[in-house]
Every structure is written in structure tokens, then in C-alpha cells.
Amino acid sequence: MLALATIGFAVNFWAWALLSPLGPMFQDALGLSAFEQALLVAVPVVVGSVGRIPVGALTDRFGGRIMFPLISVITIAPVLFIGLIGHSSLAALLIGGFFLGLGGTTFAIGVPFVNAWFPPQRRGLAIGIFGAGMGGTAISALTTVRLVDWGTTATPFLVTAAVLAIYALAAGLWLRDAPGRSVPTQSLGRRLAGTARLTLTWQASALYAVAFGGYVAFSVYLPTYLKAVYGLTQADAANRMAGFVLLAVVMRPVGGWLSDHAGPVRVLAVGLAVVTAAAAVQAFSPALMPVATIAFLTMAAALGAGSGAVFALVALLAPADKVGSVTGVVGAAGGLGGFVPPLIMGALYGALGSYALGLAALAAVAAATLVFTVTSVRRSVRARRTA
């Protein structure tokens, strides 16, 4: 069940990230400004993020067995729209990207699904392994540009649609919810209101907005950044972005495993300290080799481990019948955390011709979140353990 959920997450994230590697190509072909290109790659992110709130709550009610194949089938439509007719104008791409965002909601399906299959002392690692499905963005980074070069603009979209259809069929046949999973009896509105009253919801949301939001921001905007600052080709920039994504993906289950043994607060504190230092260094635009490469790879490792630690925290503190609802809100915060930075970076580069201020802001936000983690979040964990 963990393997099926992880594959489903990866496949849907692959679809969710299709526009990012093609951002520079669409910019050149359609004459987009830096802000318009940033908006293009950010729209699926924000829709996939906000959509996690209702999808997480629906998963609490109906289970992953229904929700995984359902969302996979629905995501096929925007993938085919963009690939076949929607890539000739910015308006069509934005419309297609809006509905493509549905693929990003599967995170809120998988966390409660996996959480119900494992005992508390193993949930950090299990959810971390599931979270490695965010490597679907690496699949997109590694294959999308190549498939366009080998075929046409439609080729990567047709391939992804076929994979989504195969997964939806497999999930419909073999996916099963955990026996005895907690099913809420309250209405959707009451459950969401109860979720909003939990301190954990807002603490984890703030942490995930920085940890996963930082990962998403770089995964969608790094090719543009590398092309503008270091003059890399589109293919080279996409390959380097894939390396960033893969390292973050590998570190996510490591962060969950470390959280099971050392506690999520410690893992988050170390990760945020690393992000603060690396972002501060990169704000000075050092040479690509070796300083900038090291800075980005250390950020990738820290953001991946931190993302795993956040949901180890959710698994530790969330009530059993609200895991999906909490995951939906926290996942939305993480996605929105990834939506804002590309827009800011694009706007700053258009106005100043530099990304330094945006990276300095990332360092400041990571430092503030570090202080929040070792004070407020640590107190909440201690209170729960005492209780």
C-alpha cells in the first residue's frame, strides 16, 4: 500500500510539474516577461496547494482507495488540453495550468492513507518514504525537454496522460484502505473548523511553508534562475534542477527516520540553520562551481529533511480522525509557500536585474522560522509528551 501510494504521488506530481521545465521555451516562443513566466509556472502550484484542503478532508471521509484513482483520472484532462491545444497562448496555458494543479492535491490523499497503515513509532519514516514521491518533479525535469526535442511539444503531455491512466487503473484494482481506519462522522465544514482550531495546524503550516515551499519554489524556478545568472542552456539548467530535486527527495525519508529517533524539532532546527547559511551565501551570486553548487545542494538536503520532519510532527500530534484535514491545510501552506517566491523573484529580477534581494529574504525567513521552531513548536511537543 505504501508503494502504490508513493507511485501515485510521483505520477501526479510528474503531471503537476510539466510546465516548469518548459518555462524558458514558452517565454521565448510567446515573448513572455519574467513575471509572466513566473506566473505561468506558479499557477499549478497555488491550485494544487489550496486544493489540498478539501481533498484532505474528503480523504478522511472516503479514503485513499477512492480518492487516488479519482484525482488521477481528472488530471488527465488538463494534461491533454495543454499538450494538444493549450500551449499556443499565455491565456490557454494559464487555464490549463489552473486545472493541472489538481495533480498536486494527491499529497493530502497519501499522508492520511499511509498514516493509517503504520504504528506511531514508524510513521515518520513511512510518511517520509511516501513524501519521496515528490520526485515526480524530477521525472518531469529529466524527461520533459528531451521528449519535446525527440517529438513535439505535445509528446511529454501524451506520455504523462498515458501513465496517469495506467496508474488510475492499477489503483482502482489494488489499492485498499487500512482496516479499522478512523472515519469522521461530522460534516466537512465542522471538520475543517475543528482542524483550524488546532494549534498544530498553524505551527506545522508555518514550518511547511518554509521547508516544502522552498523546495517547490526552487523546483519550478531554478531553471530560470540558472539560465539568467549563469548563462546555462535550458537542458543543462533542467538537469541541475533535477539534481536538486533528487537530493531533496532522498533526504525526505531520511528526515522522517531521524525524526522518529531524534525528534522532529531537532531535525527542523538543523535544517533551517543550514538553509539560512546557504541562502545567505547564494545571495552574493558566487561562482557556479563549486560554491553555488554546494549552496544549492545543501539547501536541497536541508529542505527535503525538513519537509519529512514536518509530517513526522503531524503524525505525532494530530488526532487520528483529522490527519487528512490537517494534512490538507499544512500541504496547502507548503504549496503556497512555493507559489510566492517565484513571483517575487521574477518581479525583483525584472525591476533590479538581480536575484540577490530574494535570496537574502529567504535567509531571513529561514532564520525567523528557526527561532519559532526552538521556542513555540518545542513547547507544544513537550506539552503533548507530558500529557
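Read on for a plain summary of the structure. Since the model is a prediction, treat every value here as computed from it, not as a measurement.

Some details on the overall build of the chain
Here is step 1: On a plain count of helices and strands, the chain comes out with 17 helices and zero strands.
Here is step 2: Its C-alpha atoms give the chain a radius of gyration of 20 Å, within 12% of the compact-globule value 21 Å for 387 residues.
Here is step 3: Expressed as lengths along the three principal axes of its C-alpha atoms, the size of the chain is roughly 55 × 45 × 30 Å.
Here is step 4: Counting only residues that meet the buried cut, the chain has 58% of its 387 residues in that class.
Here is step 5: Counted over contacts in the chain with a minimum sequence separation of 6, partners at least 24 positions apart contribute 86%.
Here is step 6: In the form shown here, the chain has an accessible surface area of approximately 14300 Å², with 71% of it arising from carbon and sulfur atoms.
Here is step 7: Seen as two clouds, the 21 positive and the 8 negative side-chain charges of the chain have centres 15 Å apart.

Points about helix α10 (residues 155-174)
A turn of α-helix holds 3.6 residues, and therefore any two residues three or four places apart point the same way.
Here is step 1: The terminal C-alpha atoms of α10 lie 29 Å apart, and with 20 residues this matches the ideal 28 Å at 1.5 Å per residue to within 8%.
Here is step 2: When α10 is considered as a whole, its buried residues turn out to be P156, F157, T160, A161, L164, Y167, A168, A170 and A171.
Here is step 3: Buried residues along α10 sit in contact with α1 (2-16), α5 (64-84) and α9 (136-150).

Quick look at the packing of aromatic side chains
Here is step 1: This model, assessed by the stated rule, comprises 22 aromatic pairs.
Here is step 2: When the ring of F107 is compared with that of F130, the centres are 6.1 Å apart and the planes differ by 25 degrees; the resulting orientation is stacked. You can see F107 sitting in helix α7 (residues 107-117) and its partner F130 sitting in helix α8 (residues 123-131), a full 23 residues away along the chain. Pair check on accessibility: F107 and F130 agree, each one buried.
Here is step 3: Three or more aromatic residues joined by ring pairs form one cluster here, namely F9, F13, W16, F107, F130, Y208, F212, Y215 and F311.
Here is step 4: For the cation-ring pair, R61 lies above F62, with the distance from its terminal atom to the ring centre recorded as 5.3 Å.

Considerations on a nonpolar patch on the surface
Here is step 1: Taken together, the side chains of L58, F62, I66, L70, I74 and L188 present a nonpolar region at the surface, about 470 Å² in accessible area.
Here is step 2: Put simply, the parts of the chain that give the nonpolar patch at least two residues each are α4 (52-62) and α5.
Here is step 3: Looking at which element gives the most residues to the nonpolar patch, the answer is α5, with three residues.
Here is step 4: Considering the arrangement of structural elements, one finds L188 in helix α11 (residues 188-196).

Overview of unusual backbone geometry
Negative phi values dominate among residues other than glycine, just as trans dominates among peptide bonds.
Here is step 1: With an omega dihedral of 0 degrees, the bond running from M289 to P290 counts as a cis peptide bond.
Here is step 2: With phi around 50 degrees, S285 is a residue other than glycine that occupies positive phi space.
Here is step 3: Checked against the element boundaries, S285 lands in the loop between α14 (264-282) and α15 (288-317).
Here is step 4: Here S285 falls in the partly exposed class, since its relative accessible area comes to 37%.

Focus: the nonpolar core
Side chains that are nonpolar tend, in soluble globular proteins, to be buried together.
Here is step 1: V114, F130, Y215, F218, Y225 and F311 are the most contacted members of the largest nonpolar core, which has 91 residues in total.
Here is step 2: Broken down by element, this core gets its largest block of residues, 16 residues, from α15.
Here is step 3: Residue contacts for Y225: discarding those within four places in its chain leaves Y230, Q282, S285, F296, M345, Y355 and L359.
Here is step 4: In terms of nonpolar packing, the next biggest core, distinct from the first, is built from 19 residues, L18, L19, F26 and L32 among them.

Some details on empty space enclosed by the protein
Here is step 1: What the rule picks out here adds up to one cavity of 30 Å³ or more.
Here is step 2: Roughly 100 Å³ of internal volume is contained in the largest cavity.
Here is step 3: Along the walls of the largest cavity sit 14 residues, with W16, A17, V41, V45 and V220 positioned nearest its centre.
Here is step 4: Taken together, the elements giving at least two residues each to the lining of the largest cavity come down to α1, α3 (34-50) and α12 (199-230).

Some thoughts on the side chain of R123
Here is step 1: Among the secondary structure elements, R123 is positioned in helix α8.
Here is step 2: No salt bridge is formed by the buried R123; the nearest opposite charge belongs to D260, separated by 8.9 Å.
Here is step 3: A distance of 2.8 Å separates a polar atom in the side chain of R123 from the backbone oxygen of F118.
Here is step 4: The residues contacting R123, other than those within four sequence positions of it, are N115, F118, G128, D260 and A315.

A closer look at the layout of surface pockets
Here is step 1: Estimated volume of the largest pocket: approximately 400 Å³.
Here is step 2: Along the wall of the largest pocket there are 20 residues; nearest its centre are A217, G337, P341, G358 and L362.
Here is step 3: Breaking the lining of the largest pocket down by element, the ones donating at least two residues are α12, α16 (323-352) and α17 (356-386).
Here is step 4: A total of nine residues in the lining of the largest pocket trace back to one element, the largest contributor, which is α12.
Here is step 5: Estimated volume of the second largest pocket: approximately 240 Å³.
Here is step 6: Around the second largest pocket sit 17 residues that line it, and P112, A116, R181, S182 and A320 are the ones nearest its centre.
Here is step 7: Taken together, the elements giving at least two residues each to the lining of the second largest pocket come down to α4 and α7.
Here is step 8: Tallying contributions element by element places α7 first for the lining of the second largest pocket, with four residues.
Here is step 9: Tallied by class, residues from the lining of the second largest pocket come to seven nonpolar, six polar and four charged.

Conventions adopted
- Residues numbered from 1 in each chain as written.
- Predicted model: local features only at pLDDT ≥ 70, side-chain atom pairs only at ≥ 80, totals over all residues.
- Heavy atoms only, no water.
- Helix = DSSP H or I, 4+ residues; strand = E, 2+ residues; numbered from the N terminus.
- Rg over C-alpha atoms; globule rule 2.2 N^0.38 Å.
- Buried < 20%, exposed > 50% of the residue type's maximum accessible area, 1.4 Å probe, protein only.
- Contact = heavy atoms within 4.5 Å.
- Areas by Shrake-Rupley, 256 points an atom, 1.4 Å probe, with all protein chains shown as cover.
- Lys, Arg positive; Asp, Glu negative; His and termini not counted.
- Charge placed at Lys NZ, Arg CZ, Asp CG, Glu CD.
- Expected span 1.5 Å × (residues − 1).
- Phe/Tyr/Trp six-rings, centres within 6.5 Å; stacked < 30°, edge-to-face > 60°.
- Lys NZ or Arg CZ within 6 Å of the ring centre and 35° of its normal.
- Patch = residues over 30% accessible without salt bridge, like charges linked within 9 Å, V, L, I, M, F, W, Y side chains within 5 Å.
- Salt bridge = Lys/Arg side-chain N within 4 Å of Asp/Glu carboxyl O.
- Core = buried A, V, L, I, M, F, W, Y, C linked by side-chain atoms within 4.5 Å.
- 1 Å grid on protein atoms, 1.4 Å probe; cavity = no way out; pocket = protein on both sides within 12 Å on 5 of 7 lines; lining within 4 Å.
- Points joined across faces, edges and corners; volume = space filled by probe spheres on them.
- Polar contact = N/O pair within 3.5 Å; in protein donor to acceptor, adjacent residues only side chain to side chain.
- Nonpolar A, V, L, I, M, F, W, Y, C, P; charged D, E, K, R; others polar.

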